[in-house]
Structures are given as structure tokens and as C-alpha cells.
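Here are the chains, one letter per residue:
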Amino acid sequence: MSFENKKIIHFEKVGLPHQKIIFEWLAKPHMQEFWDNSQEHKDDILNFIHGRKQNYFYGTTQYWIGTIDHQPFCFFLSDEILPSQVDSRPLHKKYLSRTGKTITLDFGIGNTAFLGQGLAVPSLKQFIDFYHIEVDPKADTFFIDPDDANPRAKNVYEKAGFKLVGEFLMQDGAFKEQKTHLMIMKFSHH
């Protein structure tokens, strides 16, 4: 059964009411396989929730939760990529927005009751629309970078409209030195 275009997904910034559920999701095997479960990352989520200074990644990551009928089921990370942050990453630099902002995303369905229901593609599409309309209209380029060992994610991202532009090795973080795909989605300006 597919939920494509049938369910409205609500997105909001992760807050105190979501703290417990986010950490429960991050402890699940299907999330641990491809999600950063380092203490530094968990601390960054807590800092974000509690409005404290963040210092993981670039210290500017935003965390989002997606719900259907008030049921939390998915988790997004978003972060703006600045040109100075990709000087040593030519592939990323090549595809940065020239006219707006570039946002990198991570996505996962944490609630196991919602797995296998065809929600990944509509969730991504609706989140990108939400971000572009509600959060930052200047966001016209989105990056997502599935691990080479996660072909299912790559397939979902392609169905959601992302284009594969190349591969790279992660330079830092929990997946350092792992082969990763760079996929992009660009909005055209009207």
C-alpha cells in the first residue's frame, strides 16, 4: 500500500517532547546501520533541543521530525553548506548553488511501524517542499549522500528526484573513509 500523495506529513523542529523517541529510534538496528550514533552526535541533538551552542559538524545542524496523524515516524537533519566548507571537496564544490543556498540532508524512518509502507519518497519530497517554502526560499539545491553499502537509500532518493553526480570518501565523522554517493536536487528559479 502506497501513501503517495494521500497523507500529509507535518514537519517541525525536534524539541523536548521528541527527545526520548529520537534516541529510541537511533538505538534501533535499522537506524544504527547507516546513522551516526556517536556520543558527539547525540550531544549535538541534545544541544539543539535545549537551545545550547552546537559544535558537531559545523555547529549549525537543524533536526526535524516528521509526523502523520500526530504519529512521529521520520527524522531529518539539515545543514547549509557554505563554499568555504567544501574547499577540499571538489565534487561538492562543483554542485553548490550559484544563486541561492545549498542544504545537505540526512533522512531516516525511525518508527518501525512505518517501514515498508512507501513513505520514504513522499516524505523526502514533502520535506524539501516544506524546507524550500517554509524555512528558506533561497534553498534551491539539496545534497544527500547515501553510503555505498545502502543501495536501497540510493534508489529511494532517485525516486524522490535526486540525481547521482558522483562518489567520494567521507572525510570525517562516524563514516570516515567510507565510499559515499553524492546526489543532488536543484530547484529552477522562475
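A short tour of the structure in this document, coming up.

What counts and what doesn't
- Residues numbered from 1 in each chain as written.
- Predicted model: local features only at pLDDT ≥ 70, side-chain atom pairs only at ≥ 80, totals over all residues.
- Heavy atoms only, no water.
- Axes fitted to C-alpha atoms, helices over the stretch in contact; angles between N-to-C directions.
- Helix = DSSP H or I, 4+ residues; strand = E, 2+ residues; numbered from the N terminus.
- Parallel < 35°, antiparallel > 145°, perpendicular 65-115°, else oblique.
- Left-handed = near helix turned anticlockwise from the far one by under 90°.
- Contact = heavy atoms within 4.5 Å.
- Salt bridge = Lys/Arg side-chain N within 4 Å of Asp/Glu carboxyl O.
- Buried < 20%, exposed > 50% of the residue type's maximum accessible area, 1.4 Å probe, protein only.

1. Points about the packing of helix α1 (residues 19–26) against helix α3 (residues 39–49)
In contact at an axis separation of 11 Å, α1 and α3 are set at 165° when each is read in the N-to-C sense. In terms of orientation, α1 and α3 fall into the roughly antiparallel class. Note that α1 runs across α3; the crossing there is right-handed. Contacts from Gln19, Ile22, Phe23 and Leu26 in α1 reach Lys42, Ile45, Leu46 and Ile49 in α3.

2. Observations regarding the pattern of salt bridges
This structure, assessed with the given rule, holds 4 salt bridges. The partner of aspartate 87 in a salt bridge is lysine 93, and the shortest N-O contact between them spans 2.7 Å. One salt bridge connects lysine 154 with glutamate 158, and the closest N-O pair in it is separated by 3.8 Å. A residue pair is termed a helical-turn pair when its members lie 3 or 4 positions apart in one helix, as lysine 154 and glutamate 158 do in helix α6 (residues 151–159) at 4 residues. Looking at lysine 154, the relative accessible area reads 21%, which means it is partly exposed.

3. Considerations on the packing of helix α5 (residues 120–135) against α6
Between α5 and α6, the least distance of the axes is 9 Å, while the angle of their chain directions is 55°. Relative to α6, the element α5 is oriented oblique. The interaxial crossing formed by α5 with α6 has right-handed handedness. Along the contact surface, α5 presents Ala120, Val121, Leu124 and Lys125, while α6 presents Val156, Tyr157 and Lys159.

4. Some details on the environment of phenylalanine 162
Mapped onto the elements of the fold, phenylalanine 162 is located in the loop between α6 and β6 (163–169). For phenylalanine 162, a relative accessible area of 1% puts it in the buried group. Residues phenylalanine 162 and threonine 141, spaced 21 residues apart in sequence, show a C-alpha to C-alpha distance of 10 Å. Setting aside its immediate chain neighbours within four residues, phenylalanine 162 contacts Leu105, Leu124, Ile128, Phe142, Phe143, Ile144, Tyr157, Met183, Ile184 and Met185.

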